[in-house]
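Each chain, letter by letter, is given below.
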Amino acid sequence: MKVILQQDVRGQGKKGQLVEVSDGYGRNYLLPRKLAVEATASNLNTMKLQEKARLARIAEETAQAQALSQQLEGLTVKISARAGSGGRLFGAVTTKEISDALKAQHGIDINKSKLSLDEPIKSCGGYQLKAKLGHDVTGTVNVLVCEA
């Protein structure tokens, strides 16, 4: 029996795949639990349309991520923090502060979890952060930390 999986099924395949299963497994387990639907002509056509829409959505999200990466290239985010002698900060500059400053100064909203710091920012100066924008697209955020 051929079925189209509606959810990931361990040992069978991923959501949206067309798989061959035994009649009893399909009729008694997959179909009643709504884990799969029978592979009829209309269901196959629906599956193809959903796959096409998914690929179009991925292409659009990748294009948006590329555009955001280009936009980040020339920007510098300025963050002022309290510092002691020698330019050492009291505390550290976090990705949340950088994300908030990026939104306030340039209107670009990037989640703090998408920004990656190699090491904590604990002194004044210029830094470059990597931003994971999705679909294997990364951008660089320039951060300038100055004394308040």
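Residues numbered from 1 in each chain as written. Predicted model: local features only at pLDDT ≥ 70, side-chain atom pairs only at ≥ 80, totals over all residues. Heavy atoms only, no water.

(A) How the structure looks around the side chain of serine 99. Its place among the elements puts serine 99 in helix H3 (residues 95–106). There is a polar contact of 2.5 Å between the side chain of serine 99 and the backbone oxygen of isoleucine 110. Those residues in contact with serine 99 that sit more than four places away from it in its chain are Ile110, Asn111, Lys112 and Leu115. (Helix = DSSP H or I, 4+ residues; strand = E, 2+ residues; numbered from the N terminus. Polar contact = N/O pair within 3.5 Å; in protein donor to acceptor, adjacent residues only side chain to side chain. Contact = heavy atoms within 4.5 Å.)

(B) Geometry of the sheet that holds strand S6 (residues 115–116). On the basis of which strands lie adjacent, the open sheet formed by four strands has the order S4-S9-S8-S6 and mixed pairing. Looking at strand neighbours, the two that pair on one side only are strand S4 (76–81) and S6, the edges of this open sheet. Sheet topology note: the strand S8 (residues 125–134)/strand S9 (residues 137–147) ladder contains nine bridges and is antiparallel. Residue pairing for S9: alanine 131 is matched across the bridge by glycine 139. (Pairing = 2+ DSSP bridges.)

(C) Here's a closer look at the environment of cysteine 124. Structurally, cysteine 124 is set in the loop between strand S7 (121–123) and S8. Residue cysteine 124 is classed as partly exposed on the basis of its relative accessible area of 27%. Along the primary structure cysteine 124 and arginine 88 are separated by 36 residues, whereas in three dimensions their C-alpha atoms are 6.7 Å apart. The residues touching cysteine 124, leaving out its near neighbours within four places in the chain, are Ala83, Gly87, Leu89, Val145, Cys146 and Glu147. (Buried < 20%, exposed > 50% of the residue type's maximum accessible area, 1.4 Å probe, protein only.)

(D) Structural detail: the sheet that holds strand S3 (residues 36–38). Spatially, the three strands line up as an open sheet ordered S2-S1-S3, and their pairing is antiparallel. Among the strands making up the open sheet, the edge pair consists of strand S2 (18–20) and S3. Pairs of neighbouring strands in the sheet enclose a mean axial angle of 40°, with direction left out of account. Across three bridges, strand S1 (residues 2–5) lies against S3 in antiparallel orientation. Paired with isoleucine 4 across the bridge in S3 is valine 37. Together, S1, S2 and S3 form the strand contacts of helix H2 (residues 41–73), whose direction differs from that of S1 by roughly 35°. (Axes fitted to C-alpha atoms, helices over the stretch in contact; angles between N-to-C directions.)

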